[in-house]
Amino acid sequence: MRKLLLSAALLTGLTSQAFAEVSISADLVSQYLFRGSVASGAMSVQPTINYSTGSVNIGTWASRSIDGTHQETNIYVSLVAGPVNVTITDYTDNVDLFKVGDHLIEVMASYESGDLSGAVAVDVLNGNTDLWVELGYNLGEVGDADVGLSLGLGNEKYTSDGDPMLALIGVNVSHGDYFGSYQINPDVKGNMVFIGKNF
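Residues numbered from 1 in each chain as written. Predicted model: local features only at pLDDT ≥ 70, side-chain atom pairs only at ≥ 80, totals over all residues. Heavy atoms only, no water.

> What exactly am I supposed to notice about the nonpolar core here?
The nonpolar side chains of a soluble globular protein tend to be buried with one another. Among the nonpolar cores identified, the biggest contains seven residues, and these are M108, A119, A121, W132, Y158, A167 and L168. Listing elements by their share of this core, those giving two or more residues are β9 (116-123) and β12 (165-175). Of all hydrophobic cores here, the second largest spans five residues; its members include V29, F179, M192 and F194. (Core = buried A, V, L, I, M, F, W, Y, C linked by side-chain atoms within 4.5 Å. Buried < 20%, exposed > 50% of the residue type's maximum accessible area, 1.4 Å probe, protein only. Helix = DSSP H or I, 4+ residues; strand = E, 2+ residues; numbered from the N terminus.)

Here you go:
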């Protein structure tokens, strides 16, 4: 995804319809990286459809690799309250869409103040205890590009043995519609890079 920390949250009612809008966009990325690991090593198209009314966002985000080996579709609801965002995401892959107990639901809270940002994401269904914590720092413009740093700590599915571990050190760059990241995962002693363009 284009943003370092994703934000979306609780459905609180759809009011002020005059301010409602629907937006669509898509990213094309050289590979799909997610929280310190390679979700798909192939070039991928990642479309977003978002409905926004005031501080509430409802939408879907997907990723499709061009070689057909990875497909992902997520549904989210978000609430923005000043610097705090709360997000509920339903990872609908490989599940019965109409069976509640078959879903992976994540709740994430994020906060941004000046150049600093942070987020905590936890799985809340089916007894999962997967936890992800990410911190970001915006370095500002370096030449013609915006540069930021990110650190991610995870457990369970995010680490090799399930124990809490630093799983992401990232340098993130964007310029206009182009963006990219160089990432190191100290847990598995590997590195990754991707570039992308927003349409």
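> Looking at this structure, I do not really get the pattern of salt bridges. What am I missing?
Pairing between side chains of opposite charge can happen when the charged atoms of each approach one another. Inspection of every chain in the model, using the stated rule, returns three salt bridges. Between R35 and E106 there is a salt bridge whose closest N-O contact spans 2.7 Å. With R35 in the loop between β2 (32-34) and β3 (37-40) and E106 in strand β8 (residues 104-113), this pair connects stretches of sequence that are 71 residues apart. E106 sits in the buried class, given a relative accessible area of 3%. One salt-bridge network, in which partners are shared between bridges, spans D123, D130 and K157. (Salt bridge = Lys/Arg side-chain N within 4 Å of Asp/Glu carboxyl O.)

> Would you explain the packing of aromatic side chains in this entry?
In this description, an aromatic ring pair is defined by two values, namely the gap between the centres and the angle between the planes. If you walk through the whole model with that rule in mind, you get four aromatic pairs. With a centroid separation of 6.0 Å and 70° between ring planes, the pair formed by F179 and F194 is classed as edge-to-face. Here F179 is found in strand β13 (residues 178-185), whereas its partner F194 is found in strand β14 (residues 190-198), with 15 residues between them in sequence. Across the pair, F194 and F179 agree in class, each one buried. An aromatic cluster of three or more residues is present, and its members are Y32, F34 and W61. Directly above the aromatic system of Y178 lies the positively charged group of K197, at a separation of 5.3 Å from the ring centroid. The aromatic ring of F199 is capped on one face by K197, whose charged end is 4.4 Å from the ring centroid. (Phe/Tyr/Trp six-rings, centres within 6.5 Å; stacked < 30°, edge-to-face > 60°. Lys NZ or Arg CZ within 6 Å of the ring centre and 35° of its normal.)

> I tried to follow the sheet that holds strand β5 (residues 56-65) on my own but got confused; where do I start?
Here we have 12 strands rolled up into a closed barrel, ordered β1-β4-β5-β6-β7-β8-β9-β10-β11-β12-β13-β14, and antiparallel in their pairing. With strand direction ignored, the average angle separating the axes of adjacent strands in the sheet is 20°. Note that strand β6 (residues 71-81) and strand β7 (residues 84-91) share eight bridges and pair antiparallel. In the sheet register, N74 faces β7, and the bridge partner there is Y91. (Pairing = 2+ DSSP bridges. Axes fitted to C-alpha atoms, helices over the stretch in contact; angles between N-to-C directions.)

> Can you help me understand the side chain of D123 in this one?
Locating D123 in the fold gives a position in strand β9. A polar contact is formed between the side chain of D123 and the side chain of K157, at a distance of 3.2 Å. Apart from residues no more than four positions distant in its own chain, D123 is found in contact with L104, I105, E106, N128, D130 and K157. (Polar contact = N/O pair within 3.5 Å; in protein donor to acceptor, adjacent residues only side chain to side chain. Contact = heavy atoms within 4.5 Å.)

> Whenever I open this one, the pairing of strand β11 (residues 145-154) confuses me. Can you help?
Consecutive residues of a regular strand have side chains that alternate between opposite faces of the sheet. Here strand β10 (residues 131-142) runs beside β11; their pairing, made up of 10 bridges, is antiparallel. Across the sheet, the residue bridging to W132 is G154, located in β11.

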